[in-house]
Amino acid sequence: MRLWSRIDYDLLVITDESTCFRHPDSRAAVGCQRCDRPICSSCMKSASVGYHCPDCAKAGAQKVYRPGDLGSKPTLVYAIIGLCVLAYFGEISTGNGNWSAGSVYEKGVLFGPFVQDGEFWRILTSGFLHAGTFHLLLNMYALYIFGPAVVRAVGPLKAGLIYFGAMFAGSAAVLFFNWGTPTLGASGAVLGLAGGLAAILWARGIDIRQTNLMSIFIINLALPLIFPISFWGHFGGILGGFIVGWIVTFLPARFGTTERQGLVVGAVAVAGFAALALVGGSLALSPIL
């Protein structure tokens, strides 16, 4: 898959502290697809898959990746997948095979009137529930694609902030603009990882139009026009993921803040999205809009 190869592999070897091997005063944007050396945006030579440094571009060879080259396992991603699968089994088991008929669904789905009544946990639990097996598999596959890329690019802590910031931002958008419709699914948070990737690439001087991210955003914002999918959950997730991703990567790189300060501000943003969701749940604005 082009998106996986072009983004995930390029970001594996780059940390926020990496500098270009040819220009030590310049911050690295990606890793060379062939030799793994960090390179800045001015040294990036577009290849059929990813980018090469000027030296490797002259050689013209491609590096073949093996499973052992991909680094440590993205445990955070696997944990979230496991929780979503367990939650779905809970939906099925308590509903006698019907995901929408059991207590897990009833107690966890995002629904404005219930949030207004003080059931605040729904802004979190709804992100682990799914409307059927296909819905679950689709979101978990997308999480498997985007999650490891973000984890390997910025680490599990920042990736977790991006994921849950996107989840709460998606809940907030739903509760402000679609208050009276039951909503569930991890798609907002997963698309938030894509939004976070866009922020990471932007911070490293990469135009996301050179990747498949832009088309993914457009498709997922257009799908609700055809299928019964939450537009506001998708939109809020992408926006929230981008904002938190920008905070934890762009902010330290461009404004001289420390990594810890970036993490603190990112955590504050996540808490702010959660608070915004609770405000949206209590205001019941959707019937007016």
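Whatever comes next refers back to the structure up there.
Read on for a plain summary of the structure.

About the thresholds
- Residues numbered from 1 in each chain as written.
- Predicted model: local features only at pLDDT ≥ 70, side-chain atom pairs only at ≥ 80, totals over all residues.
- Heavy atoms only, no water.
- Patch = residues over 30% accessible without salt bridge, like charges linked within 9 Å, V, L, I, M, F, W, Y side chains within 5 Å.
- Areas by Shrake-Rupley, 256 points an atom, 1.4 Å probe, with all protein chains shown as cover.
- Salt bridge = Lys/Arg side-chain N within 4 Å of Asp/Glu carboxyl O.
- Helix = DSSP H or I, 4+ residues; strand = E, 2+ residues; numbered from the N terminus.
- Buried < 20%, exposed > 50% of the residue type's maximum accessible area, 1.4 Å probe, protein only.
- Expected span 1.5 Å × (residues − 1).
- Bend = angle between axes of the 7 residues up to and from the residue.
- Phe/Tyr/Trp six-rings, centres within 6.5 Å; stacked < 30°, edge-to-face > 60°.
- Contact = heavy atoms within 4.5 Å.
- Axes fitted to C-alpha atoms, helices over the stretch in contact; angles between N-to-C directions.
- Left-handed = near helix turned anticlockwise from the far one by under 90°.
- Nonpolar A, V, L, I, M, F, W, Y, C, P; charged D, E, K, R; others polar.
- Parallel < 35°, antiparallel > 145°, perpendicular 65-115°, else oblique.

What follows covers a nonpolar patch on the surface. Judged by side-chain polarity, Leu225, Ile226, Phe227 and Ile229 come together as a nonpolar surface patch covering roughly 450 Å² of accessible area. By the element assignment, Leu225 lies in the loop between helix H10 (213-222) and helix H11 (231-255). Residue classification places Leu225 among the exposed positions, given a relative accessible area of 76%.

Looking now at helix H7 (residues 133-154). For H7, spanning 22 residues, the distance from its first C-alpha to its last is 31 Å, which sits close to the expected 32 Å at 1.5 Å a residue. At Tyr144, H7 shows its maximal kink, close to 25 degrees; a proline, Pro148, follows between one and four residues later.

Geometrically, a pair of aromatic rings is defined through the distance of the ring centres and the angle of the planes. Overall, the coordinates contain eleven aromatic pairs when judged by the stated rule. On the basis of an interplanar angle of 80 degrees and a centroid distance of 5.4 Å, the ring pair of Tyr163 and Phe164 is categorised as edge-to-face. Here the aromatic rings of Phe231 and Trp232 are separated by 5.0 Å at their centres, their planes lie at 80 degrees, and the arrangement is edge-to-face. Every member of this aromatic cluster is reached through a ring pair, and the members are Phe176, Phe177, Phe231, Trp232 and Phe235.

Summed over all chains, the structure comprises one salt bridge. Linking Glu119 and Arg122 is a salt bridge whose minimum nitrogen-to-oxygen distance equals 2.5 Å. Residue class for Arg122 comes out buried when judged on its relative accessible area of 2%.

Further remarks concern unusual backbone geometry. The phi dihedral of Asn96 is positive, around 55 degrees, even though this residue is not glycine. Counting through the fold element by element, Asn96 comes out in the loop between helix H3 (75-94) and helix H4 (103-108).

Before going further, it helps to spend a moment on H3. In a regular helix each residue adds 1.5 Å, so 20 residues correspond to 28 Å; H3 covers 28 Å between its end C-alpha atoms and thus fits that length. Of the positions making up H3, those classed as buried are Val77, Ile80, Ile81, Cys84, Ala87, Tyr88, Gly90 and Glu91. On its buried side, H3 packs onto H4, H7 and helix H8 (156-177). Two residues or fewer past H3, Asn96 is found with a positive phi of approximately 55 degrees.

All right, on to the packing of H7 against helix H9 (residues 187-203) then. When two helices pack together, their arrangement is captured by the angle between the axes and the distance separating the axes. Orientation of H7 relative to H9, taken along the N-to-C sense of each, is 35 degrees, at an axis distance of 9 Å. Considering only the axes of H7 and H9, their crossing is left-handed. Between H7, through Asn139, Ala142, Leu143, Phe146, Gly147, Ala149, Val150, Ala153 and Val154, and H9, the contact on the second element is made entirely by Ser187, Val190, Leu193, Ala194, Leu197 and Ile200. Classifying every residue of the contact of H7 with H9 by side-chain character gives twelve nonpolar, three polar and no charged.

To continue, consider the packing of H8 against H9. It is at 7 Å that the axes of H8 and H9 come closest, and there the two elements cross at 130 degrees. As judged from the angle between their axes, H8 and H9 are oblique. In this structure, the crossing between H8 and H9 has a hand that is right-handed. Contact residues: H8 offers Ala159, Ile162, Tyr163, Ala166 and Met167, while H9 offers Gly188, Ala189, Val190, Gly192, Leu193 and Gly196. Tallied by class, residues from the contact of H8 with H9 come to eight nonpolar, three polar and no charged.

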